[in-house]
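Single-letter residue listing:
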Amino acid sequence: MRRLGEEPAPSGAGGGANAAFTSLLEDSAEELYESAPCGYLSTLMDGTIAKINDTLLEWLGLERTAVVGRRRFADLLTVGGKLYHETHFAPLLRMQGELRGIALELKTQAGARLPVLVSSVVKRGGQGEPLLIRTTVFDAADRRAYEEELLRRRREAEQARAEAERARREAEADRARLADALAVLQRSLVPDSLPDVPGLETAVHYHTASADRLGGDFYDLFPLDGERWAFFLGDVCGKGPEAASLTSLTRYTLRAAALHDPAPEAALTTLNAVLYERYAVGGDPRYCTAIFGVVEPGPAGATVHLASGGHPPAMVLRADGGVELLPTPGGLLVGVLPDAPVGSVRTTLAPGETLLLYTDGLTEARTGPGDRYGEDALRAFAAGRAPASPQQLITALTGLLDGFGDGLDDDTALLALGVPAARPTTELPR
Amino acid sequence: MTNMDIRSRNNVTITGLADAPTVILAHGFGCDQNMWRLIVPALEERYRVVLFDYVGAGGSEPSAWDPERYSSLEGYARDVVEVCEELDLKEAAFVGHSVSAMVGVLAARTVPERIGALVMVAPSPCYLDDDGYRGGFSAADIDELLESLESNYLGWSSAMAPVIMGNPDRPELGRELTNSFCATDPDVARVFARTTFLTDSRADLADVTVPTLVLECTEDVIAPREVGAYVHAAIPSSRLVTLEATGHCPQLSAPEATAEAILDFLAAWH
Amino acid sequence: MTPLNITRRDAAAGPVLHVAGDLVYGQAAALRREVERLDLGAGQCLVIDLSGLGICDSTGITALLAARLHAHAAGAGIALAAVPAGTLNVLTIVGLDRVFPIRADADTA
């Protein structure tokens, strides 16, 4: 480009520029080799250095006489680089005759490390036999720093990913452990299986609404003495660990109280006093509803004595197909008042008759927007199946619960006791 | 894993005379069975030659890689044992280069009926210097090697790949070497490097009872002459041959001499 | 679940809390907090107006019982007003209709 006011150069001046260019070109190949901005090196096939340029000698801080014929290429490398050279570089070069851009470090005379990129080519003779190795060496300090940064970032990213993965696994393991613990705890709140009661048939079902929230329903059945058996079923307020601890307290209080005084009213009164003392006095009321019963199987059937603290009424399926509710008027939530009234009722179960205790998960199940299943529907359901053995009834009710699907949003406990129907008297031929 | 076909897992190749005694060739750290390419022709004339890649190297099955198993030489020895069993080898001669020489020692101990002779090429039972023992390296040196592997990961993947892919002089090599070197996952190389250079197998040498050839080079940075002498002294049934070769890979730098030494030894044994 | 909204006004006999929404697990604690914030005097009567109540589960009942304890501790009384039929049924089953005075609406003296 020509500046304003400048005259075009006379043709003679062009000749002068060419002369300067020519003098540059006169730079000999030898000088180009020695002073090139990269290192040059030729070695014998065994690596012995035969020729090396000034640039590389300068980088290394070595005298030519100390190198040529005295050192091998690998000697210029750091120890790690030597290992890499022997295990990767040299074999590859032998096999394919050429290698480019290998990252190595030279060790300078002063002890410094010089990151370089090395390319080598095998020169072959007329018969294809390898003669020598030509190598160029580029200063790669900047590039290496960049690569190291990339590698560092990659390592960091891998580490972060590994840590995230570890955290995810730990969280999963924690969740699994918690689920295990909850399942164990849940099992401690209700018996694994009911004992056999001579002259009675029993059946239970427990529906857990949510695996991670401990439910608050409970039941039990245990012997009082040779003739009588106690049983109870109930529902504590709330959900989760606090409900579980309340359930546990309730279950073991009722068991202990019954052994002390087997009257059903006495067991619930004791439970009321315990819960009231433990919770309500501190301003943190917790309570339960419960039915506690004592059953005594006899030759003609079983007598049943029930007491209830605010629990939905028990139901009896009679042998003639009738269904009765057994209300216990006057009973109150257990644990609310210092002296809570307890309601009681008695009945007799004839052969083929079944008593059902249930929690309100069953009657409160949602059957439509704003609709709950309700006591009347339950009664009608039972009437449609009476008479029924405890197992038949529980099986039918389990099917009913399954049919509620998501509408069943609370834990539900079902306990049925019954006197087996009289066997047909027809004798089998011998 | 147990159902995986061992032959494809270890990329087993079999050449040479089908009815002749078997020689099995095991590569060392950094390479694969291509390392034997220059001496295989000489061996093929007289023997059945079995080549394979350790899991993690060359054309082995990548999904078989197990960092735990291959963190000890026993893991690599199991590869050898499994290949021997798969081919039902009896009294085979095992030729192991570098770290593979020690892998062969372990394998021969496990299945003595299958391995009848050992050829240890540039072996070293311990690369680290130890009280009174000169292995040649310090732990810091090994860390440097790991760094070199790491820093060449970028080099291999970017700069090296095209070079190796297009090798106009010897196109038959290009493809295989691509597989051999570019496919080496740096994580795999790191595990193999640590196992190779940080294992001390000196005590295992005492278990060698089979005829053994120790091949060393006159100048080997990785396995110095002292180490060759040490191995020879530790194995009473061994012969030591020093090849006029430099570097750690005499099968590449002096293939004729290497093949000749192996053939002489095998002929004497048989 | 309908969100819970509790508003307060002061009548001659004492504070009136109007509860709208569901008194259920996860929400009922708000009623307890609201009640604990009240500065009840002896002789006053706290009225809980349930005319806007949706569902009431056992934690809702617990909150009502806690309110009762809080009022009694202060020497005050408590009454429930305008209890929806479903909740009244539950209160009756569990016997709480005899524990809480129940009024037709909040303004009944």
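What you see is a predicted model, and the numbers here were worked out from it, not measured in a lab.

K.L.:
So what about the interface of chain C and chain A? Which residues, and what values?
P.N.:
Taken together, the 17 residues of chain C in the interface contact 22 residues of chain A. Summing the contributions of chain C and of chain A, the shared interface buries around 1,500 Å²; its carbon and sulfur component is 63%. In this assembly, chain C and chain A are joined by one salt bridge. Note that Arg32 of chain C is salt-bridged to Asp284 of chain A, the shortest N-O span being 3.3 Å.

K.L.:
So what's going on with the confidence of the model for chain A? Residues and values would help.
P.N.:
For residues with low pLDDT, the predicted coordinates do not support detailed interpretation. All names here are of chain A. Of all residues in chain A, 91% have pLDDT values of 70 or greater, and the mean over the chain is 87. Confidence, expressed as mean pLDDT per element, reaches its minimum in chain A at helix 1 (residues 11-25) with 61 and its maximum at strand 14 (residues 354-358) with 97. Every residue in residues 425-430 is under pLDDT 50, and counting partners more than four places away or in other chains gives zero contacts.

K.L.:
Please set out the layout of surface pockets residue by residue, giving values where relevant.
P.N.:
Counted as a void, the largest pocket has a volume near 1,400 Å³. For the largest pocket, the lining is made up of 48 residues, of which Glu364 and Arg372 of chain A together with Ile55, Cys56 and Asp57 of chain C are closest to its centre. Contributing elements (two or more residues each) for the lining of the largest pocket: strand 8 (229-236), strand 9 (288-298), helix 9 (360-363), strand 16 (371-372) and helix 10 (374-383) of chain A together with strand 3 (45-56), helix 2 (58-73) and helix 3 (85-93) of chain C. Of all the elements, helix 3 of chain C adds the most residues to the lining of the largest pocket, at five residues. Here the second largest pocket is characterised by a volume of approximately 310 Å³. Looking at the second largest pocket, it is lined by 19 residues, and the ones nearest its centre are Gly238 and Glu242 of chain A together with Arg32, Thr59 and Thr62 of chain C. Among the secondary structure elements, those contributing two or more residues to the lining of the second largest pocket are helix 7 (240-260) of chain A together with helix 1 (29-37) and helix 2 of chain C. If one sorts the elements of the lining of the second largest pocket by residue count, helix 7 of chain A sits on top with four residues. Classifying every residue of the lining of the second largest pocket by side-chain character gives eight nonpolar, six polar and five charged.

K.L.:
An account of the nonpolar core is needed here, citing residue identities and associated values.
P.N.:
In terms of nonpolar packing, the biggest core is built from 84 residues, with Leu104 and Leu106 of chain A together with Val80 and Met120 of chain B touching the most fellow members. No other element matches helix 4 (residues 99-110) of chain B, which puts eight residues into this core. Excluding its chain neighbours within four sequence positions, the residues that come into contact with Val80 of chain B are Phe52, Tyr54, Phe94, Val103, Ala107 and Ile115 of chain B. Residues Cys56, Ile78, Leu80 and Val94 of chain C belong to the second largest nonpolar core, which totals 58 residues.

K.L.:
I'd like to hear about the sheet that holds strand 9 of chain A, residue by residue, with values.
P.N.:
Residue and element names in this part refer to chain A. One open sheet holds the five strands; their spatial order is 7-8-9-10-13, and the pairing between them is antiparallel. Only two strands of the sheet have a single partner each, and these edge strands are strand 7 (217-223) and strand 13 (343-349). With direction set aside, neighbouring strand axes in the sheet form an average angle of 15°. Judged from the eight bridges that link them, strand 8 and strand 9 form a sheet pairing that is antiparallel. Note on strand 9: the bridge partner recorded for Phe231 is Gly293. Packed onto the sheet, helix 7 meets strand 7, strand 8 and strand 9 and runs at close to 20° relative to strand 7.

K.L.:
Which residues make up empty space enclosed by the protein, and what values go with them?
P.N.:
Enumeration according to the criterion identifies six cavities of 30 Å³ or more in this entry. Approximately 360 Å³ is the volume attributed to the largest cavity. Lining of the largest cavity is provided by 26 residues; of these, Met45, Asp46, His85, Glu86 and Ala90 of chain A occupy positions nearest its centre. Going through the elements one at a time, helix 5 (79-96), strand 4 (113-124) and strand 5 (130-139) of chain A together with helix 9 (250-253) of chain B are the ones with two or more residues in the lining of the largest cavity. Here the lining of the largest cavity gets seven residues from one element, more than from any other, and that element is helix 5 of chain A.

K.L.:
Kindly report on the packing of aromatic side chains, identifying the contributing residues and their values.
P.N.:
All names here are of chain A. By the definition in use, this model includes 17 aromatic pairs over all chains. Each ring, one from Tyr206 and one from Tyr219, has its centre 6.5 Å from the other, and the planes form 40°; the classification is tilted. You can see Tyr206 sitting in strand 6 (residues 201-207) and its partner Tyr219 sitting in strand 7, a full 13 residues away along the chain. Aromatic side chains Phe222 and Phe232 sit 6.1 Å apart centroid to centroid with 70° between the ring planes, which places their arrangement in the edge-to-face category.

K.L.:
Account for the environment of Arg225 of chain B, with residues named and values stated.
P.N.:
All names here are of chain B. Locating Arg225 in the fold gives a position in helix 8 (residues 225-234). Along the chain, Arg225 and Arg134 lie 91 residues apart, while their C-alpha atoms are 9.9 Å from each other. When neighbours within four sequence positions are excluded, Arg225 is seen to be in contact with Glu216, Cys217, Thr218 and Thr242.

K.L.:
Got a sec to walk through the sheet that holds strand 1 (residues 13-16) of chain B? Specific residues and values, please.
P.N.:
Residues and elements named next belong to chain B. Strand order in the open sheet formed by seven strands is 1-3-2-4-5-6-7, and the pairing between neighbours is mixed. The open sheet has two edge strands with one neighbour each: strand 1 and strand 7 (238-246). Pairwise comparison of adjacent strand axes, ignoring direction, gives a mean angle of 20° for this sheet. Note that strand 5 (residues 115-121) and strand 6 (residues 212-219) share four bridges and pair parallel. Across the sheet, residue Val121 finds its bridge partner in strand 6, namely Leu215. Along the sheet, helix 4 contacts strand 2 (22-26), strand 4 (92-97) and strand 5; its crossing angle with strand 5, the most-contacted strand, is approximately 165°.

K.L.:
Any chance you could break down the packing of helix 7 of chain A against helix 8 (residues 264-278) of chain A for me, citing the residues and the numbers?
P.N.:
All names here are of chain A. Close contact between helix 7 and helix 8 brings their axes to 9 Å; oriented N to C, the two are set at 140°. Comparing their axes, helix 8 and helix 7 come out oblique. Classified by chirality, the crossing of helix 8 by helix 7 is right-handed. Touching Leu246, Leu249, Thr250, Thr253, Leu254 and Ala257 of helix 7 are Ala267, Leu268, Thr270, Leu271, Val274, Leu275 and Arg278, all from helix 8. Among the residues making up the contact of helix 7 with helix 8, the classes are represented as nine nonpolar, three polar and one charged.

K.L.:
Which residues make up the pattern of salt bridges, and what are the values?
P.N.:
Applying the stated rule across the entire model yields 41 salt bridges over all chains. A salt bridge links Arg64 of chain A to Asp54 of chain A; the shortest N-O distance between them is 2.5 Å. In this pair, Arg64 of chain A is assigned in helix 4 (residues 64-67) and Asp54 of chain A in helix 3 (residues 54-60), connecting sequence segments 10 residues apart. Owing to a relative accessible area of 35%, Asp54 of chain A belongs among the partly exposed residues under this scheme. Between Glu82 of chain B and Arg78 of chain B there is a salt bridge, and its shortest N-O distance comes to 3.9 Å. Linking Glu82 of chain B with Arg78 of chain B, this pair stays in helix 3 (residues 73-86), spanning four residues, or about one helical turn. On the basis of relative accessible area, Glu82 of chain B is assigned to the buried category, the value being 18%. The class for Arg78 of chain B is partly exposed, based on a relative accessible area of 44%. Each member of the salt-bridge network shares a partner with another, and the members are Arg9, Arg69, Arg78, Asp79 and Glu82 of chain B.

K.L.:
Hey, could you go over helix 8 of chain B for me, with residue numbers and the actual values?
P.N.:
All names here are of chain B. Those residues of helix 8 not exposed but buried are Val227, Gly228 and Val231. The buried residues of helix 8 occupy one face: seen down the axis, they fall within an arc of 105°. Of the surrounding secondary structure, the elements contacted by the buried residues of helix 8 are strand 5, strand 6 and strand 7.

K.L.:
Describe helix 10 (residues 255-269) of chain B, with residues and values.
P.N.:
Look at helix 10 of chain B: 21 Å from first C-alpha to last across 15 residues, which is about the 21 Å you get at 1.5 Å a residue. The set of residues buried in helix 10 of chain B consists of Pro255, Thr258, Ala259, Ala261, Ile262, Leu263, Phe265 and Leu266 of chain B.

K.L.:
Run through the pairing of strand 7 of chain B, naming residues and quoting values.
P.N.:
On a regular strand, one side chain projects to one face of the sheet and the next to the other, so that they alternate. Residue and element names in this part refer to chain B. With seven bridges connecting them, strand 6 and strand 7 associate as parallel partners. From the neighbouring strand, Val214 faces strand 7, where its bridge partner is Leu240. Tracing the backbone out of strand 6, into helix 8 and back to the parallel element strand 7 gives a crossover that is right-handed.

Conventions used here
- Residues numbered from 1 in each chain as written.
- Chains lettered and ligands numbered in written order.
- Predicted model: local features only at pLDDT ≥ 70, side-chain atom pairs only at ≥ 80, totals over all residues.
- Heavy atoms only, no water.
- Contact = heavy atoms within 4.5 Å.
- Buried area = accessible area lost by both parts, 1.4 Å probe.
- Salt bridge = Lys/Arg side-chain N within 4 Å of Asp/Glu carboxyl O.
- pLDDT = per-residue confidence, 0-100.
- Helix = DSSP H or I, 4+ residues; strand = E, 2+ residues; numbered from the N terminus.
- 1 Å grid on protein atoms, 1.4 Å probe; cavity = no way out; pocket = protein on both sides within 12 Å on 5 of 7 lines; lining within 4 Å.
- Points joined across faces, edges and corners; volume = space filled by probe spheres on them.
- Nonpolar A, V, L, I, M, F, W, Y, C, P; charged D, E, K, R; others polar.
- Core = buried A, V, L, I, M, F, W, Y, C linked by side-chain atoms within 4.5 Å.
- Buried < 20%, exposed > 50% of the residue type's maximum accessible area, 1.4 Å probe, protein only.
- Pairing = 2+ DSSP bridges.
- Axes fitted to C-alpha atoms, helices over the stretch in contact; angles between N-to-C directions.
- Phe/Tyr/Trp six-rings, centres within 6.5 Å; stacked < 30°, edge-to-face > 60°.
- Parallel < 35°, antiparallel > 145°, perpendicular 65-115°, else oblique.
- Left-handed = near helix turned anticlockwise from the far one by under 90°.
- Arc of directions from axis to C-beta.
- Expected span 1.5 Å × (residues − 1).
- Right-handed = clockwise from strand over helix to strand, strands pointing away.

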